[in-house]
Structure formats: C-alpha cells, structure tokens
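# Breakdown of the fold
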Amino acid sequence: MTIDMTQFYQVFFDEADEHLADMESLLLELDVDQPDLEMLNAIFRAAHSIKGGAGTFGFTDMARVTHVLETLLDRLRKQELQPVTEMVDAFLEAGDVLKAQLQAHREGEEYQDERIDRVCTWLERLTHGEQPAGTAPSASPTAAPAHSDQTQTAEPTWKISFDPLASEFKPDVHLDALAESLGELGTLQRYSEATGRPVVWYLSGPGVCLNNIQEIFDFICDLDGVQIAPMDDAEKSASPAADHEDEAFGFFDEAPGTPQDAEDPGYGFFADSPAAPVSIPPENNGQPSDSGYGFFENAPGAEASQDTESDGYGLFGNSPGMEQVASQAAHDREENAQGYGLFDPSPGYPSSTKSGDDSPSGSTEAPTKGGDSGGAPPNKENAAKSQTPKRGPGGDSSIRVSVEKVDQLINLVGELVITHAMLAESATHLDPVAHEKIFSGLSNLERNSRDLQQSVMSIRMMPISFVFNRFPRVVRDTAANLQKKVTLRLVGEDTELDKGLIERLADPLNHLVRNSIDHGIESPEKRRAAGKSETGEIVLRASHQGGNIVIEVNDDGAGLNREKLLAKATERGVPMSDNPSDKEVFQLIFAAGFSTADKVTDISGRGVGMDVVRRNIEQMNGRIEIDSAPGQGTRITIRLPLTLAILDGMAVRLGDETFILPLTAIRESIQPKREQFKTVSGKGRVLNTSGEYLPLVVLQDIFELGQVGQSLEDSIVVIVDTNEGRMALVVDELMAQQQVVIKSLETNYRKVRGVSGATILGDGRVALILDVDELVQLNQEMQPKRTGTSEQGNLA
Amino acid sequence: MSEDLKERAVITSDDSREYLTFTLGDEEYGIDILNVQEIRGYDAVTKIANSPDYIKGVINMRGVIVPIIDMRLKFHLGQVEYNQFTVVIILNISGRVIGMVVDGVSDVVALKGEQIRPAPEFGAVLDTAYIDGLATLDERMVIVVDIEKLMTSGDMGLVDRIQNESS
Amino acid sequence: MAKSILTVDDSASIRQMVSFTLKGAGYTVTEAVDGQDGLDKARSGNFNLIFTDQNMPRLDGLGLIKQLRAMPQYKSVPILMLTTESGEAMKTQGRAAGATGWLVKPFDPQKLLEVVRKVIG
C-alpha cells in the first residue's frame, strides 16, 4: 500500500506554524528566574510535536533542529538545567530557523543557511551545560561558533552518502556487502535507501577513520561520487538514523518461544520489511540490540518476559495487551482450525499478514501470567465485542476556503442588498394595504439579506490576535536592541475585524510599536531619574466601538515634546496658527518627513514612517489620532471600520447629487445662524461653533459643482473629524443613515481626490463616498484661490 | 477562454476582423468588436468632481461602477443634447469597463488586414497615434481606431498613471 | 467487521496520517486529540487497538494508558505508544504504565500497517 504523504503536508505546515507561534509566545512569557514547569512542558511539547511530524513527513532538516531543541528543553523541564536568558535567545533563534525551513518546504524547497548549523551547535552547547548559568557569555546568535569542536564526541560518526545508481556497482547486489564490510568497522546506520535517491549511511565507532572507509569503498566501487564527512554532534544526534534508539525495534512476546520465534531471532517478517533503517550488527550476530533489549532468544521455554524489538517498534513482554495479541492470533487459529482447516488463513485476511499471524499463533499454549486471568477465551469474547462498528471521528470542524471565494460571496450579497433597496424604493409608490404581501415579502427579504450579509462578512472576520501575537517578539527584540526595558500588555486580542484589514494593519502597528519603544520609552536610567519604574510598558488594546474597531498603542514614556515639534515645524516652514492646540501640534508627526528623533537609529527616525503609517490607515478608511502628556506617555488611537466592504454612512444631498459621509467621521450636525460664518484672513471661511473656529468646507466649490446648493443660512453644517482637526461641511440636507456597499472607483476609473469610493443607492444611482481628510486638504489648497474672489458674494 | 475562442474564430475567417462602426460628427470610426461589451442607451450619470468635462460621470451597470466618456466633448465636436437615440458603447479594455457616448452606431463590418491602409497625417479629430488606418466601405471612409491604446492613454485621464501618484 | 482502532495524538498531521493509512487498510479509526479526549472516546467505545502519543496536553500517553488499564474493557487490549524516543526510560515507564509496545516516530505508513497487522490482524 503506497500512501502519498504529500496530502498531509498542508496540515503539518499549519500545525507546525501554530506550534512555532505557541512556542514563541510561551518563550516570551517565560520568566527564566522562576520558570513555570508547565510552561516548559508546553514549550517542549511544541518542539516535540514539530519533530514528530517533521520526521514522519520527511522534513529531516526540521527534524534535526527540533531534535536539538527538544533535547535541551527536555533537560530544562526535567530540571536538570536551570534556564538562562541565553537559552531563550537560542530557542527563539531556533524558532526563526524552523519558520524559515517551514516556509521553504511550503514552497517545495529546502532552506539552506549557515544559521541552521549555528543554532544547532548553540543549542547543543547549552544542552551540555558547559557554562554555569551565571557566567554564560551573552552569546548572540552570530557570536555562537559555527562549528564547535568541543562537541565532538569520543566516538566519531561519519556521514557517508553516495548514489548507488551512479556508482559502478549494481545496487541491491552489493549494497548489503558494502554495509557488511562497513559494519565491521563500527555501527552502521542505514538510512534513506529509497530507490532513485542517494544513499545516506552513518557509521560510528571508536577509531573509525576516513582511511578505513575509503579503503572499503575503493575495494567495491569507484570512490568518485562517494561523500564521506565527519559529523558534528548536533548533526549526528539530529539525524534520525544516527539515533540508535530510534531505529531499534523490539517485540516482546510473553508466549513461550514458538517454533518460528525460536528459529528466527530477528522476527524475520519484520526484518525483511522494506523500511529504511536497519541496524546491522544485531542482525548479523544476534547480539543484544543497542537499546539493551535483546532480540528473541532461541532458548525454548523463553516464556519469561522478553521484549520483542523490531524495526522501529517493539512490544513489551508481560504487558496486558500482549495477551490479546497472542490470543487474537490463537483465536484466529482456533477458528481456522474449526472452520477452514489448520493452516489456511481465514478468508478476508490480508495475505501480507500471513507471516504476522503465524508467529503469535504459536503461542496458543501461552500460560496466563500471574495476576492476570485473561486467556484465550475471554479474549475471544473481547474480540467479538469489539466488532461493534465505531463511528469515525467528528473530523475537523472547519474547512479551508480561498479568500477569493469568500469575497465573491460578499460581492454577491452586496448586490442582493442593493437589489432589495431598489425593490423597496419601487414599492414606495404602491398602496401598502392593497399590496400587503409585497411589503411583508420585502421586509422579510430585507431581514434575510441583512442576516446573510452579516454571516458572510463574519467569514472574513479574524481576531486581532493574529497581528498582536507578533508583538511580544517585536518588543523584546527592539527593546534589547536599544537597551531598554519594556514589557508589553495586550488587551482585547479577541476583537474581530476583517481579514483584509488585519493583513494591512501589521505594518503600521509594527512601526508604531517600534516607534514607541525608540522614541517613547526612555532609557532605564532616565526613567529612574524621572521617578518611574525602569521598565516601561507598552499596551496594545483593541476594542469595538460602534461599527468601528479601535486600536490603541499606549506607552508610558516621555510623551511628545510640544516645543520641539513646533520648532521643527518652523524650521520646515510648516504653517501653524499662532496658538495651535496640542492636537494640531501632535498631528505634525504624521506629516511627511517629520521626525523628531535627535539621532537616526535602526529602529526609526529615518524620516519615513509616521506619514506612511497615516496613509496606510487612511487607505483602510481609518483614522489615526495622537494624544500625549509630557512625562506620562503617548497614546496613538487608530479607528477602523470593521470591514472594507461595508460602510455605515449618512447620505447627504447637495443640489441633485447625493453623497455618502462615513458615519465615523460625523460628530454633529447643526443648523447654523448667519453670524456664525466668519472670514478669517489666512484661514478663509470659518464657522464659529461654541467659541471654536472650524474651517468651512463648501462642497460645491471644491467639487466645482457650480451654484447648485442653497444659501449658507439654509444649509446644514455637518461637523466632521478629520486628521487635521474638525471641520464644518456644508450640505443641503441630511437624507438617511444607511449601510452602503463600498465599490472602488479605481476598478474602471481612477482615484478621485476627496472621494474614497462609490456606492449604489436604492434607486440604482451611484453615490460617491466622501473622504473628509482629503476634503480638508483640498479646501486648504483652494484657500489662496478663493480669498479675494467671489467668496464674499456667496456669503451674503 | 471564450475570448480566445472568439478571437480565433474571427481570425480564421480568412484573416478578417469584425469592427463596430459608429459616427462622431461627420466621421465614421471603427473599433474592434472584441472590445465591445454591449451597447446601451444613455442613463443619468453621477458627476465626478474635478474631472475633465468629457468625463460625464459614472453609472451603475449591474453593480459595476462604469465611467462614461463623451467622445464628442473629448474631441471638441460641440455639445449635443442627449436624447433617447444617444448611444453608449460599453467597452471592455483589458478588463476595465468604460462607457463611450457616441452619436450613433452604424454597422458591424468585417475588414481584412489589407483593406486597412495606413493613415496619412490628416486633420482627423483623433491623434494619428491612436489610428490603425483607414478603410473604405462602399463610398464611406472608416477610421479604424486602436481603442485600447486610446482609452489607456494618459490623454484620456481614465487610468491613474504611476508617476502621477505622488499627489 | 472492521476492527476498530483509536489513535490519540495532539498532532493533527500525524493523526490524519495514521487514520488515513488504517482506514485505507479497512480498519475503523477514531481520532482523539489528547489523552483526555482519548480516555473519553475509549470509554464510549470498544477498541481493538489503541495508539497513543506520549507528549500531549491535558493527559499524556502514559497517564492515558494507566487509566485505560484500570478499565475492565481495556485490561488486555493492545496499546501501543507512538514515541520519538525508545530509550530505557521510555520502556521502563511504558511497561510500568501497561503499554503493550511502542512504535518509534518517525514511521511510515507501511510500518504502521505491519505493526497493526501483527498485533490485531
């Protein structure tokens, strides 16, 4: 039976990803001074699981790394070693290497880099606990020796690889002979002998040297193409074949030596198995295997508990199940004897199991062990009972669907919502009494399509932990890099938002967090001097507020320096009002090329950054705000819609045109009085509302719609929040609050300033969705044009 | 897929291609029919701020937002009142859907390669860069337009130009 | 009637591989995601053979075996440990817990089938 292992790869990849992520977050939580044993166990389990899967699915490079990783973790969890910070560093590095390896395998390649050897050697060295914890050098990954000679063991291991097809001898005929000869030098582990692939063997033993091996090869074949290389410890112990124990197999049968057993010390039917690794010496001379458990001894009456070991598995003698194994065979035999004749296998038996049935079948006479009354008859019963069919497992409760399919579904549902709106609009002319059924049908349709829409949207929703989870590592590395002490607190990781937003949030958040550590959090000395705890704290918080998700990046650092920002603004010629509000000043850091860093560091301060962050957020229809208090810290707040596809909007009318204003931007709307409108030199027209002068944005001017609107006094003013502070937007009428499906203008046209997209109204017409941040910019750009022209007339 | 099939069918019929001809002012133009998605009447459009006058706005075509261009305005042929005979040719230009208002659609004709002669420099309203050539049909002269090239050109302002992005 | 096998492993990929292989060979297979789940599933079913991983959250392989052995219906059912190690310690612990045998990871599907056929036919 051939099974295509590749079908399990994807599951393994995903699972390994999860384990790596778990491992990393646990490592970051780990307190090396007071390690939590359960945590160490969990980390060990993660490494262990990856190793098991990697080995099984043939990703030997990952198996190798996880093996050394696991070995060290095992010593830690058994408390044979005390964890030190350097170990966590090594573990994290190993995790990174594994991630790279995993990624390469996903792409059908193998990751090759010297850091693999480096991290293995590093872990290996830590495992041997050569340095007492306190004096461990603060070795960084790069500082670790690429090859550590001290890890060479007394018994050298040689890796021999060659391609039997390319070499001058015929494979099957001479491979065994070759193996036998090599086996005389030391212990030979045969590994990877799949047809068509190069053979890899490992030979170890005291005094084995290159010359011996070469001599043997020279004798049998051409040395060209045979690679013989010494292995360092890490490699040796990581290679599955080199692990003696792994390859050993044992089988224990409590049955008295059956004829077959007695005659075949190696359990022939297993020894013949096509499985790769075979331990040569035991097979040849019947000596105890490396594991210390003997193979079956010939002695008749060896019914004393003996273990059976075979190629990769074993059975314990005297163990409860063995009885069953033996009696199962006995039971079969009995049945055979009664029904079909003594030696015929029962029908339906896979023929390949014949030899397997034979050997335990000799144990019919098996005496029951002391204390256990189970013999053949009860087991027969047992076997009969177990005929009850079992339900298969529930299986995975989730399926994988491509995002495209989900998006297609979302689009279709969007169409449905629009279609409903159109129908509803058409129906407004109908008499509700006469067409009661139509109206109740429409309201059902509305409810159903809205529910459908929500359900479909929820498919795309993912917890924000997908982005948050990377930050413990980011904070740790960044802080270490800057020699600062920073802890990270995550709040509201379960908050869900659209997958598309999650992906696009990662970069801006990364920048903000690094920025907070670099510019926000002070050095430990400064913090102490300021009477603060040496360790700074960064809090990442996510929550839902209305139809929005709000993400905050808080730090308890020095806060923004208002004077410095203002000085910088003057230096750069950024126009500022005479007495700008804090908000206006702080907002400066989002301006292009505006960095207040005194010195350029690796982390930030290269002049790209905050403006890019702002643009990224705005592209997601989001907004970013900053608050800061000197000496106490800075808070950056990002507000995003839950999804990119739907917007809660307010339909506003201006002449014949309808526009959609994002509800998130609207603060209030007012019916202004004439005296509230003012013209301030340099700032153009403003609206005075509760003592504050807000820039007045007249859409028909900006959009050059001509004189379509009403006079200002008859208009409605909507106060909206923008990145530049509040502004007053003049519209003719507020129509209705509604959810709209966002359509991109860029699909068939291009970006239009002041407009973030379009939607389709209930009557089938297109309405543009306003981008208030761009509107305020457009308004500023128009100021010079406007002052001194016809604006006064418009006011009148 | 179907595009490919269509294309092959057109080409194999002794090397000729089908063109949709339409009129603009006094001139008759032909465009590759493979770029034509459908022909429809003129609907109310939603105006787009700060766009050139020939971009009338956008319409909703079964959930797709489609920009509408008035070719008369683009080529300064004077304004015409839209009426129930005004025709919009919906084009599909490498995946983008664009509507083009013309005076009228006249015909679908098959033209062989050799029937299309290179266009001399002449006073057409269209830049010769977008003209594949001239063909004579009966007594009429048809100006064969490379509509794909025309619509994606910076001239039309339909597509964001990369270098223009740094607004 | 198909023999039924319980495979207990916290690794989904291994579990699926084991399950797929054994199902392909005509066995009925039930999967459990950790020792506790394995115990629950074992309680509600009657298995001819149980494979269990050693390192698992909640309840590990040895713990599972001990508990199973305390249940009358699993007193003498073969239980094999899927383990990445086959050292003395594992064997001593395995034997003490009541395991019937072990199978070293990594293993390939053929090996798995051989062992299963050997043990329950």
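Notes on the structure follow.

Rules and cut-offs
Residues numbered from 1 in each chain as written. Chains lettered and ligands numbered in written order. Predicted model: local features only at pLDDT ≥ 70, side-chain atom pairs only at ≥ 80, totals over all residues. Heavy atoms only, no water. Core = buried A, V, L, I, M, F, W, Y, C linked by side-chain atoms within 4.5 Å. Buried < 20%, exposed > 50% of the residue type's maximum accessible area, 1.4 Å probe, protein only. Helix = DSSP H or I, 4+ residues; strand = E, 2+ residues; numbered from the N terminus. Arc of directions from axis to C-beta. Polar contact = N/O pair within 3.5 Å; in protein donor to acceptor, adjacent residues only side chain to side chain. Pairing = 2+ DSSP bridges. Axes fitted to C-alpha atoms, helices over the stretch in contact; angles between N-to-C directions. Contact = heavy atoms within 4.5 Å.

## Here's the deal with the nonpolar core
Formed by 70 residues in total, the largest nonpolar core has its most connected members in Phe12, Leu69, Phe91 and Leu123 of chain A together with Leu22 and Phe51 of chain C. Of all the elements, helix α4 (residues 85–106) of chain A adds the most residues to this core, at 11 residues. In this structure, Val697, Ile702 and Val720 of chain A together with Leu20 of chain B belong to the second largest nonpolar core, which totals 65 residues.

## Details of helix α22 (residues 562–572) of chain A
All names here are of chain A. Residues of α22 that are buried: Leu565, Leu566, Lys568 and Ala569. For α22, the angular spread of the buried residues around the axis is 160°, confining them to a single face. Looking at α22, the residues exposed on the side facing more than 90 degrees away from the buried face are Glu563, Thr570 and Glu571. Structurally, the start of α22 carries an N-cap: the backbone nitrogen of Glu563 is 3.1 Å from a side-chain oxygen of Asn561. Directly after α22, the chain includes Gly573, whose backbone phi takes a positive value near 70°.

## Considerations on the sheet that holds strand β9 (residues 486–491) of chain A
Hydrogen bonding along the main chain pairs the strands of a sheet, whether they run parallel or antiparallel. All names here are of chain A. Ordered by their spatial adjacency, five strands build an open sheet running β9-β11-β12-β14-β13, and the pairing between neighbours is mixed. In this open sheet, the two strands that pair with only one neighbour each are β9 and β13 (623–629). Averaged over all pairs of adjacent strands, the angle between strand axes in this sheet comes to 15°, irrespective of strand direction. Where strand β12 (residues 548–555) lies against strand β14 (residues 633–641), eight bridges are found, and the strand directions are antiparallel. By the bridge assignment for β14, Asp555 is matched with Thr634. Taken strand by strand, helix α19 (residues 471–482) contacts β9 and β11 (536–545), and its axis lies near 165° from that of β9. Across the face of the sheet, helix α24 (residues 610–619) comes into contact with β13 and β14 while running at roughly 135° to β13.

## Quick look at the pairing of strand β24 (residues 755–760) of chain A
All names here are of chain A. Burial runs high along β24: five of the six residues are buried. The sheet contact formed by β24 and strand β25 (residues 766–770) spans five bridges and is antiparallel. Across the sheet, Gly757 pairs through a bridge with Ile769, a residue of β25. Between β24 and β25, which pair antiparallel in sequence order, lie five residues; one of them, Gly764, sits at a positive phi of approximately 90°.

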